[in-house]
Amino acid sequence: MSRWISSIFNRQRFAGNRRLFLLCLLLFVVSGFFSFWIFFPADVLQRRLLQSVSQQTGLQIEGRNAAMLFPLGFGLDLLISPRVPGLTDLELTELQITPAWSSLFSATKKVHLVATLAGGKIDAEVARSGQFSMEIDAIDLVSLQQLDLPYRVSGQLTGQLEGENISPDMTGRGHFSLSLKDIRILGLARIGLPVDFFAGMLRLEGKLTQRRISLEKVILTGGVLELSGGGNILIGETAEQSRLNLNIRLHPTATTPDSLRDLLNMTGVRPTVDGSYLLRVGGTVAKPIVR
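Residues numbered from 1 in each chain as written. Predicted model: local features only at pLDDT ≥ 70, side-chain atom pairs only at ≥ 80, totals over all residues. Heavy atoms only, no water.

**As for unusual backbone geometry**
Then, in step 1: Not every positive phi belongs to a glycine, and E94 is a case in point at roughly 55 degrees.
Then, in step 2: Among the structural elements, E94 can be located in strand β3 (residues 90–99).
Then, in step 3: For A118, which is not glycine, the phi torsion reads 50 degrees and is therefore positive. (Helix = DSSP H or I, 4+ residues; strand = E, 2+ residues; numbered from the N terminus.)

As structure tokens, this is what we get:
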């Protein structure tokens, strides 16, 4: 009887020791993970990340406020200098980079990026293979343009972009669907048009292949002038080297100002039976030619 009772106590003691060991091991792993994540040199990771992105894209990028995110992620603010005439530096705030959890068990690993830009949101997934998808919501377009531009466009930009290997050298391909609502064109008083020029909503759909932007659908509605059309834009190194080949139909409405009608008549293009104007826009982005 005494041996039987002793064996019971020994088994209980062993079970208690095992639970204590497992508890200590769990606490060690958890404390180690938190210690690694809290004391990980976020500034070092930021520097390496910016160096890699700058080398691959050729963009000038500055980072600040780097921090590790729980459970797996990295956060920072970015200032990107696009070096495009007329555009301001892009301030990406509250940028969060985390694994795309759905891709962890697939062959194509992805990272998920969320950031704030010009009062709106950017949500993107980028794969190791170079494929990416992006959604943008309510980006304030006028805040991305330099204040000294003679003409500026205001409105909120929303849309989707998917592609692969797109870089500043325009070597990739993709397709896009964008909408710009509440459009107002600023600065038209210089050419005798109304100061408050409300253009309505613009919808764009198209493809990007190498250095060619194919505009498959261009529709402008709800403003003082309606527009539809499409065409191609060949992207060069500068605006002077970027070529236009667009076909556009302009249709005046009841709210079209007389000054804009007079400007359309000055193009030499006669209106069609329904009162619309068919225009072919060629030349360069810097100096377009309307026929």
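**Side note on the pairing of strand β11 (residues 225–234)**
Then, in step 1: Relative to β11, strand β10 (residues 212–222) runs antiparallel, the two sharing 7 bridges. Within β11, the residue paired with R212 across the bridge is L234.
Then, in step 2: The hairpin turn running from β10 into β11, its antiparallel successor, is 2 residues long.
Then, in step 3: Note that β11 and strand β12 (residues 243–252) share 10 bridges and pair antiparallel. Directly across from E226, in β12, lies its bridge partner H251. (Pairing = 2+ DSSP bridges.)

**As for a negative patch on the surface**
Then, in step 1: Taken together, the side chains of D123, E135, D137 and E162 present a region of like negative charge at the surface.
Then, in step 2: Locating D123 in the fold gives a position in strand β5 (residues 120–127).
Then, in step 3: Exposure remark for D123: the relative accessible area of 35% places this residue in the partly exposed category. (Patch = residues over 30% accessible without salt bridge, like charges linked within 9 Å, V, L, I, M, F, W, Y side chains within 5 Å. Areas by Shrake-Rupley, 256 points an atom, 1.4 Å probe, with all protein chains shown as cover. Salt bridge = Lys/Arg side-chain N within 4 Å of Asp/Glu carboxyl O. Lys, Arg positive; Asp, Glu negative; His and termini not counted. Charge placed at Lys NZ, Arg CZ, Asp CG, Glu CD. Buried < 20%, exposed > 50% of the residue type's maximum accessible area, 1.4 Å probe, protein only.)

**A word on the nonpolar core**
Then, in step 1: In this structure, L76, L78, L92, I139, L246 and L250 are the most contacted members of the largest nonpolar core, which totals 43 residues.
Then, in step 2: Apart from the residues within four sequence positions on either side, L92 is in contact with L76, D77, L78, I80, A115, T116, L117 and I122. (Core = buried A, V, L, I, M, F, W, Y, C linked by side-chain atoms within 4.5 Å. Contact = heavy atoms within 4.5 Å.)

**Details of the pairing of strand β2 (residues 73–81)**
Then, in step 1: Buried residues dominate β2, accounting for 9 of its 9 residues.
Then, in step 2: In β2, alternate side chains face the same way, and those of G73, G75, D77, L79 and S81 on one face and F74, L76, L78 and I80 on the other are all buried.
Then, in step 3: Judged from the 6 bridges that link them, β2 and β3 form a sheet pairing that is antiparallel. Opposite L78, over in β3, you have L92 as the bridge partner.

**A short note on the confidence of the model for the protein**
Then, in step 1: Of all residues in the protein, 77% attain a pLDDT of 70 or more, and the chain-wide mean is 78.
Then, in step 2: Counting interchain partners and residues more than four positions distant, the pLDDT-below-50 stretch residues 1–16 has 0 contacts.
Then, in step 3: In this model, residues 24–39 is a region of pLDDT below 50 whose contacts with residues beyond four sequence positions or in other chains number 10 contacts. (pLDDT = per-residue confidence, 0-100.)

**A look at a nonpolar patch on the surface**
Then, in step 1: Judged by side-chain polarity, Y151, I191, L263 and M266 come together as a nonpolar surface patch covering roughly 410 Å² of accessible area.
Then, in step 2: Secondary-structure assignment places Y151 in the loop between β6 (131–140) and β7 (152–164).

**Description of the environment of L227**
Then, in step 1: The topology assignment puts L227 in strand β11.
Then, in step 2: Setting aside residues no more than four positions away along its own chain, L227 makes contact with V218, I219, L220, I248, R249 and L250.

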